[in-house]
Amino acid sequence: MRGKEVSSSKSSAEPPACAGCTHADRPASLGILASGHGSNMEAIAEACARGELAAKVSVVISDKKEAYVLERAKRRGIPHYFVDYSLYPNRRSYEEKVLDILHAHGVQYIVLAGYMRVVGEVLLQAYPQRILNIHPSLLPAFPGLSAIRKAYEYGVQITGVTVHFVDEGVDTGPILQQEVVPIGLEDSLESLEKKVHEVEHRLYKKALALLISGRVEIYGRKIRFKN
Ligand code: GRF
């Protein structure tokens, strides 16, 4: 693992000159924030490696030291960092550290992939309309934790996956992509989880391709595509 973060000192890294731009000749630079298993990070990195997505995972940052996503990043040779929230007095200073790392790696877009923290104003202001999250339900149904379990236990017959822009709320930002996952009578929680994760891995790539195309515009809660 590169750099267990133990200090709140800030680097003098400047924002990347190309932040917010898209380049036909250069892959978009993604910074992935994740707290857990990392299967979405892996799917995105694999899509980049296969040329299915005109992007590169420039860095992976986790707030959990033991998160398996860090091991996955290491195996792929992706720069990866554990940033220990407990070392910082508040969310602002923690996010300033995260932002330094993102800038140092030229990140244009932040991708939340199982990141278990609410994003604050430091990151929101640095990356306006350039932070995506994936959630394992058809929002606005079942926001927050354990969404697959909640949908299963509620008895809904369709659930799904949502990729949305991140705002100051929890799973509340404008929706970029959704896909339905039917829940059959034969489904167990485990089989439903498997189906949802399969859709996630496909849908996040699709949503990222749209975002980095530069064609997505947000107006109010809705999106539209520029020609
Ligand atoms: C996914 O279900 C995602 O929708 C949710 O957290 C989970 C992360 O899974 N936000 P993984 O760490 O990418 O395997």
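Residues numbered from 1 in each chain as written. Predicted model: local features only at pLDDT ≥ 70, side-chain atom pairs only at ≥ 80, totals over all residues. Heavy atoms only, no water.

What to know about the environment of Gly114
By the secondary structure assignment, Gly114 is in the loop between β5 (109–112) and α4 (121–126). Note on Gly114: relative accessible area 37%, which makes it partly exposed. Sequence-distant contacts of Gly114, defined by excluding residues within four places in its chain, comprise Ala34, Ser35 and Gly36. (Helix = DSSP H or I, 4+ residues; strand = E, 2+ residues; numbered from the N terminus. Buried < 20%, exposed > 50% of the residue type's maximum accessible area, 1.4 Å probe, protein only. Contact = heavy atoms within 4.5 Å.)

Observations concerning the site of the ligand
Near the ligand you find His37, Gly38, Ser39, Asn40, Gly114, Ile134, His135, Pro136, His197 and Glu200, and these make up its full shell. Contacts to the ligand include Ser39, whose side-chain N or O atom sits 2.5 Å from an oxygen atom. Note that an oxygen atom of the ligand is positioned 2.9 Å from one of the side-chain N or O atoms of Asn40. Protein chains shield 83% of the accessible area of the ligand, which is 370 Å² for the free molecule. At the level of secondary structure, the elements contributing two or more residues to the shell around the ligand comprise α1 (39–49), β6 (131–135) and α6 (189–212). Along the lines of polarity and charge, the residues of the shell around the ligand split into two nonpolar, seven polar and one charged. (Near = heavy atom within 4 Å. Polar contact = N/O pair within 3.5 Å; in protein donor to acceptor, adjacent residues only side chain to side chain. Areas by Shrake-Rupley, 256 points an atom, 1.4 Å probe, with all protein chains shown as cover. Nonpolar A, V, L, I, M, F, W, Y, C, P; charged D, E, K, R; others polar.)

Some points on the packing of aromatic side chains
Evaluated as defined, the whole model comprises three aromatic pairs. With a centroid separation of 6.1 Å and 70° between ring planes, the pair formed by Tyr88 and Tyr94 is classed as edge-to-face. For Tyr94, a relative accessible area of 2% puts it in the buried group. Between Phe142 and Tyr154, the ring centres sit 5.8 Å apart and the planes meet at 65°, which makes this aromatic pair edge-to-face. Of this pair, Phe142 sits in the loop between β6 and α5 (147–154) while Tyr154 is found in helix α5, placing the two residues 12 residues apart along the sequence. (Phe/Tyr/Trp six-rings, centres within 6.5 Å; stacked < 30°, edge-to-face > 60°.)

Observations regarding helix α3 (residues 91–104)
Here α3 is 14 residues long and its end C-alpha atoms lie 20 Å apart, about the 20 Å a rise of 1.5 Å per residue gives. Within α3, 10 of the 14 residues are buried, which leaves it mostly tucked inside the rest of the structure. Backbone nitrogen of Arg92 and a side-chain oxygen of the N-cap are separated by 3.3 Å at the start of α3; the cap is Asn90. (Expected span 1.5 Å × (residues − 1).)

Topic: the environment of Ser58
Mapped onto the secondary structure, Ser58 falls in strand β3 (residues 55–62). The spacing of Ser58 and Gln108 is 50 residues in sequence and 9.5 Å in space, taken between C-alpha atoms. Of note is the side chain of Ser58, whose polar atom sits 2.6 Å from the side chain of Ser29.

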